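Here is what each chain is made of, one letter per residue.
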Amino acid sequence: MKYEWLEEFLLSLPGVEKDFKLEWQWERYMIRGKLFAAVCSPSGMKDEAYNGHALVNLKCEPRMAELYRAEYPEVLPGFYCDKRNWNAVLLDGALEDGVLREMCRQSYDLVLAKLPKYVQREIAGEKKD
């Protein structure tokens, strides 16, 4: 994998938990049980775009998802996720580190924003009222 910093970056975001989904062979990164990133290496797939590539699935606002796919060949519709709201980034591609970091941060922010306000405050380190 080209992006050796990826796991450290994902785990550095406040409130992130990691687990391994054995059935899917996915390293999952979540906020309070809500997925925002998943790293996997699909094999035996009919679709060669994903087959044999390490990738990270990231949540994305639908219009931005399309823009990323149009601009970067390493960004594909989400693997085994809702392709309107998720992108798959090939981790053996040439996507700039800064772009991947921004995509990870956007995914995190989208999921965090959907959590209850009290949970958002807890994650931000604020005290309960």
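Above: the structure in question.
(A) Up close: the layout of surface pockets. Taken as a whole, the largest pocket encloses approximately 150 Å³ of empty space. For the largest pocket, the lining is made up of ten residues, of which W24, Q25, W26, P42 and F79 are closest to its centre. Of the residues assigned to the lining of the largest pocket, the class counts are seven nonpolar, three polar and no charged.

(B) Summary view of the environment of E7. Along the chain, E7 turns up in helix α1 (residues 6-12). By relative accessible area, E7 is classed as partly exposed at 34%. Separated by 16 residues in sequence, E7 and E23 have C-alpha atoms that sit 21 Å apart. Contacts of E7, omitting those with residues within four sequence positions, involve K18 and Y29.

(C) Region of interest: the environment of V99. Here V99 is to be found in helix α3 (residues 97-114). Overall, the relative accessible area of 13% leaves V99 in the buried class. Considered as a pair, V99 and Y50 are 49 residues apart in the sequence and their alpha carbons are 20 Å apart. Not counting residues up to four positions away in its chain, the partners in contact with V99 are Y68 and Y72.

(D) Summary view of the sheet that holds strand β5 (residues 75-77). Within the open sheet, the six strands sit side by side as β1-β2-β3-β4-β6-β5. Their pairing is antiparallel. Looking at which strands have only one partner, the edges of the open sheet turn out to be β1 (16-21) and β5. The average undirected angle you get between the axes of adjacent strands in this sheet is 25 degrees. Direction of pairing for β5 relative to strand β6 (residues 86-90): antiparallel, over a ladder of three bridges. Paired with L76 across the bridge in β6 is A88.

(E) Geometry of the packing of aromatic side chains. Under the criterion given, the structure shown has six aromatic pairs. Of the aromatic side chains, those joined through ring pairs into one cluster are Y3, W5 and F9. Geometry around W24 places K21 over its ring, the cationic atom sitting 5.2 Å from the centre. A cation sits over an aromatic face here: R101 above W5, 3.9 Å from the ring centre.

Reading guide: rules and limits
Residues numbered from 1 in each chain as written. Predicted model: local features only at pLDDT ≥ 70, side-chain atom pairs only at ≥ 80, totals over all residues. Heavy atoms only, no water. 1 Å grid on protein atoms, 1.4 Å probe; cavity = no way out; pocket = protein on both sides within 12 Å on 5 of 7 lines; lining within 4 Å. Points joined across faces, edges and corners; volume = space filled by probe spheres on them. Nonpolar A, V, L, I, M, F, W, Y, C, P; charged D, E, K, R; others polar. Helix = DSSP H or I, 4+ residues; strand = E, 2+ residues; numbered from the N terminus. Buried < 20%, exposed > 50% of the residue type's maximum accessible area, 1.4 Å probe, protein only. Contact = heavy atoms within 4.5 Å. Pairing = 2+ DSSP bridges. Axes fitted to C-alpha atoms, helices over the stretch in contact; angles between N-to-C directions. Phe/Tyr/Trp six-rings, centres within 6.5 Å; stacked < 30°, edge-to-face > 60°. Lys NZ or Arg CZ within 6 Å of the ring centre and 35° of its normal.

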